[in-house]
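Close look at the chain arrangement
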Amino acid sequence: MEIDANKTDLSATELRSAANKRLGYKMIWVVVAALLFAFALVPIYDVLCTMTGLNGKTKSTVSELNNTKVDETRWVTVQFTTSTMPGLGWNFYPKQSSIKVHPGKVETVLFEAKNITNEVVAGRAVPSVTPGVAAAHLKKLACFCFERQALNPGETKLLPLRFFVSPDIPADVKEMTLSYAFFSVDK
């Protein structure tokens, strides 16, 4: 059995120091990998939610409208709720609290936003659909939530939403709620 001359020349302190150094490098790699994973997780989660309708996220596709037929034998009630997050300084509400739609028929509803501050304020709406199974069947063609909205002091703006409910929606879904939360995007 051969004994490595280099190992016998090192003291216990030097061996411990070398081992600690290797452990330190491994820990740095773990931290870097965790940070990369954390940054990649948000876009991956958004794609997953959009594809599956998970967490109320909806796709916004116009192409599906061309292949859609109106199902006039069914009705689905779509309710609208809104909220503004602290710091936005807006009043925001739907012009109608609900609408009955035939799946496949394009509808337009209006929301009203009013800036109640003395400065220009910008916001962005984040939609959510419940029940979760209905989210994949709400198809937005045009929505104020696609873009940042800015209002001058005291300005009131009507914000349109053009959408349809897919005829593929399960028959047991008779109601769905589309909620918008408006967040400030200034600063």
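These figures come from a predicted structure and were not determined experimentally. (Residues numbered from 1 in each chain as written. Predicted model: local features only at pLDDT ≥ 70, side-chain atom pairs only at ≥ 80, totals over all residues. Heavy atoms only, no water.)

**So, the sheet that holds strand 8 (residues 156-165)**
- The strand order across the open sheet formed by 4 strands is 2-4-8-6, and the pairing between neighbours is antiparallel. The open sheet is flanked by strand 2 (90-94) and strand 6 (138-143), the only strands paired with a single partner. Taken pair by pair, the neighbouring strands of this sheet meet at an average axis angle of 25 degrees, ignoring direction.
- When strand 2 meets strand 4 (residues 107-115), the two strands line up antiparallel, connected through 5 bridges. What sits directly across from proline 94, in strand 4, is phenylalanine 111. (Pairing = 2+ DSSP bridges. Helix = DSSP H or I, 4+ residues; strand = E, 2+ residues; numbered from the N terminus. Axes fitted to C-alpha atoms, helices over the stretch in contact; angles between N-to-C directions.)

**Regarding the UniProt feature "transmembrane region" (unreviewed entry) in the chain**
- When the UniProt feature table is mapped to this numbering, "transmembrane region" (unreviewed entry) covers residues 23-45.
- A helix fraction of 100% and a strand fraction of 0% characterise residues 23-45, whose end C-alpha atoms lie 32 Å from each other. (UniProt positions renumbered as here; feature names shortened; annotations may be inferred.)

**What about the state of the cysteines?**
- Counted by the stated rule, this structure contains 1 disulfide.
- The partner cysteine of cysteine 143 in its disulfide is cysteine 145, sulfur to sulfur 2.5 Å. Between cysteine 143 and cysteine 145 the sulfur-sulfur dihedral comes to about 130 degrees; the bridge is accordingly right-handed.
- The exposure class assigned to cysteine 143 is buried, which follows from its relative accessible area of 10%. (Disulfide = S-S within 2.5 Å. Buried < 20%, exposed > 50% of the residue type's maximum accessible area, 1.4 Å probe, protein only.)

**Describing the sheet that holds strand 7 (residues 149-151)**
- Read from one edge of the open sheet, 5 strands run 3-1-9-5-7, paired in mixed fashion. Sheet topology places strand 3 (98-101) and strand 7 at the edges, where each strand pairs with a single neighbour. Averaged over all pairs of adjacent strands, the angle between strand axes in this sheet comes to 30 degrees, irrespective of strand direction.
- Pairing geometry for strand 5 (residues 121-130) and strand 7, over 3 bridges, is antiparallel.

**Side note on the nonpolar core**
- Counting 31 residues, the largest nonpolar core has Phe144, Leu161, Phe163 and Tyr180 as the members making the most contacts within it.
- Those residues in contact with phenylalanine 163 that lie beyond four places of it in its chain are Val78, Phe80, Ile99, Val101, Lys105, Val106, Glu107, Val109, Leu138, Lys139, Lys140 and Leu141. (Core = buried A, V, L, I, M, F, W, Y, C linked by side-chain atoms within 4.5 Å. Contact = heavy atoms within 4.5 Å.)

**A closer look at the pattern of salt bridges**
- For the coordinates displayed, the defined rule picks out 3 salt bridges.
- Here aspartate 71 ties to arginine 74 by a salt bridge, and the two come within 3.9 Å at their closest N and O atoms. Arginine 74 shares its class with aspartate 71; the two are buried.
- A salt bridge links glutamate 107 to lysine 105, with the nearest nitrogen and oxygen atoms 3.5 Å apart.
- The exposure class assigned to glutamate 107 is buried, which follows from its relative accessible area of 15%.
- Looking at lysine 105, the relative accessible area reads 38%, which means it is partly exposed. (Salt bridge = Lys/Arg side-chain N within 4 Å of Asp/Glu carboxyl O.)

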